[in-house]
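Examining the three-dimensional arrangement
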Amino acid sequence: MKISRTAPWAAGLAAAALLLIPASASAGQQRTTADVAEAAPQAAATSVDAYYAAAEGKTGAALKSALHAIIKNQSRVSYDGVWNALKVTDQDPANPNNVILVYSGRSQSKYTNGGGVNDWNREHVWAKSHGDFGTVTGPGTDLHHLRPEDVTVNSTRGNKDFDMGGSPVSEAPGSYTDADSFEPRNAVKGDVARMLLYMAVRYDGGDGFADLEMNDRVNNGTAPLFGRISLLKQWNQMDPPDAFEQRRNQVIYDTYQHNRNPFIDHPEWVNSIW
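Parameters at a glance
Residues numbered from 1 in each chain as written. Predicted model: local features only at pLDDT ≥ 70, side-chain atom pairs only at ≥ 80, totals over all residues. Heavy atoms only, no water. 1 Å grid on protein atoms, 1.4 Å probe; cavity = no way out; pocket = protein on both sides within 12 Å on 5 of 7 lines; lining within 4 Å. Points joined across faces, edges and corners; volume = space filled by probe spheres on them. Helix = DSSP H or I, 4+ residues; strand = E, 2+ residues; numbered from the N terminus. Nonpolar A, V, L, I, M, F, W, Y, C, P; charged D, E, K, R; others polar. pLDDT = per-residue confidence, 0-100. Contact = heavy atoms within 4.5 Å. Core = buried A, V, L, I, M, F, W, Y, C linked by side-chain atoms within 4.5 Å. Buried < 20%, exposed > 50% of the residue type's maximum accessible area, 1.4 Å probe, protein only. Phe/Tyr/Trp six-rings, centres within 6.5 Å; stacked < 30°, edge-to-face > 60°. Lys NZ or Arg CZ within 6 Å of the ring centre and 35° of its normal. Pairing = 2+ DSSP bridges. Salt bridge = Lys/Arg side-chain N within 4 Å of Asp/Glu carboxyl O.

**Regarding empty space enclosed by the protein**
Taken as a whole, this structure holds one cavity of 30 Å³ or more when the rule is applied. In this structure, the largest cavity is lined by His144, Arg147, Asp191, Met195, Glu245, Arg248, Asn249, Ile252, Asn261 and Ile264. For the lining of the largest cavity, the elements supplying multiple residues, two or more each, are α6 (189–202) and α8 (243–256). When residues of the lining of the largest cavity are assigned to their parent elements, the largest contribution, four residues, is made by α8. A class-by-class count of the residues in the lining of the largest cavity yields three nonpolar, three polar and four charged.

**Focus on the confidence of the model for the protein chain**
Taken over all residues, the pLDDT of the protein chain has a mean of 87, while the share at 70 or more is 84%. Low confidence marks residues 1–37, where pLDDT is under 50. Its contacts with residues over four positions away, or in another chain, come to 39 contacts.

**Focus on the nonpolar core**
Counting residues in hydrophobic clusters, the biggest one holds 43 residues, and the most contacted among them are Leu67, Tyr103, Trp126, Phe162, Leu196, Met214 and Phe263. Sorting the residues of this core by element identifies α2 (33–51), α3 (60–71), α6, α7 (229–238) and α10 (269–273) as the ones contributing at least two each. A total of nine residues in this core trace back to one element, the largest contributor, which is α6. Dropping the residues within four chain positions of it, leucine 67 is found in contact with Tyr52, Ala55, Val201, Pro262, Phe263, Trp269 and Ile273. One finds Tyr79, Val82, Val99 and Tyr256 within the second-largest nonpolar core, a separate group that totals 14 residues.

**Quick look at the packing of aromatic side chains**
Applying the stated criterion to the full structure yields ten aromatic pairs. For the ring pair phenylalanine 162 and phenylalanine 182, a centre distance of 6.4 Å and an interplane angle of 85° mean the geometry is edge-to-face. Here phenylalanine 162, found in strand β6 (residues 161–162), pairs with phenylalanine 182, found in strand β9 (residues 181–183); they are 20 residues apart in sequence, far enough to count as distant. Grouped by ring-pair contacts, the aromatic residues Tyr103, Trp126, Phe162, Phe182 and Phe226 constitute a single cluster. When the ring centre of tyrosine 79 is taken as origin, the NZ or CZ atom of arginine 122, which lies over that ring, is 3.6 Å away.

**Comments concerning the sheet that holds strand β1 (residues 91–92)**
Two modes of strand pairing occur in sheets, parallel and antiparallel, and in both the strands are linked by backbone hydrogen bonds. A sheet is described by the order of its strands in space; here three strands give the open sequence β1-β2-β3, paired in antiparallel fashion. At either end of the open sheet lies a strand with only one pairing partner, and these are β1 and β3 (107–109). Sheet topology note: the β1/strand β2 (residues 95–100) ladder contains two bridges and is antiparallel. By the bridge assignment, aspartate 92 is partnered in β2 with asparagine 95.

**As for the pattern of salt bridges**
Side chains bearing opposite charge may pair, as long as their charged atoms lie close to each other. For the structure shown, the criterion picks out 13 salt bridges. Where salt bridges share partners, they join Arg76, Arg202 and Asp207 into one cluster.

Here you go:
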């Protein structure tokens with residue numbers, strides 16, 4: 001079910017706004033809790049709209065260029081810092097001691113990160129070999145495409161492009177893989193698409209890194225390319241942003257990188273650019 005993009009974090013704004021209501025508001029001026037709760041999402045939406053003001057009214061290559069100029073302004077996280085950041089960005093809403101593993105869907109203790117068989121580690125959704133950026137600060141540590149995943153599943157996915165079909169992946173129910181591609185479970189197909197498309201807009205050959213681009217192939221190997229774009233566009237539509245993905249985007253913006261994934265805020269921009 002698709003929900004408002006401001007829903008996951010507007011509640012916090014509403015709570016803060018309540019503190020501003022005078023205890024002895026005069027008759028005719030008193031605002032109800034409902035009034036404040038309604039105003040907070042509007043204020044939050046205005047803030048997000050302001051962030052993208054320079055992209056307003058643009059389409060195609062002009063939109064992609066405008067979004068790049070906006071989101072390239074970011075703080076960077078070290079690769080060691082990614083461990084602790086993921087414990088916050090991917091926290092299980094039902095259990096604050098756990099994180100949700102992206103492909104497996106499993107809720108697992110935050111503190112079981114590492115290299116052991118049943119540990120979780122840092123999955124680069126845009127595989128770092130596609131552009132050869134490794135784990136250096138920049139695309140190698142960009143939280144918008146780094147997610148916790150079971151060590152074994154991470155290894156199975158490797159640097160494969162995304163496509164449909166294959167054999168079931170052990171420890172990742174609903175995911176499939178073959179020799180040259182990986183298919184994630186349905187609940188995160190859209191998440192995967194939007195993470196990859198963010199990377200293709202954010203990294204355009206500047207900052208000393210490769211120009212990351214999308215194509216409609218698999219077997220891209222070490223080229224700074226990822227596919228398949230035709231399928232990823234479908235996934236973006238079939239699995240729109242949910243509360244978990246929206247909260248994650250907001251936490252990265254507020255606490256860590258101070259930039260946003262525009263395709264979580266505006267999924268419709270995917271078809272406008274590609």
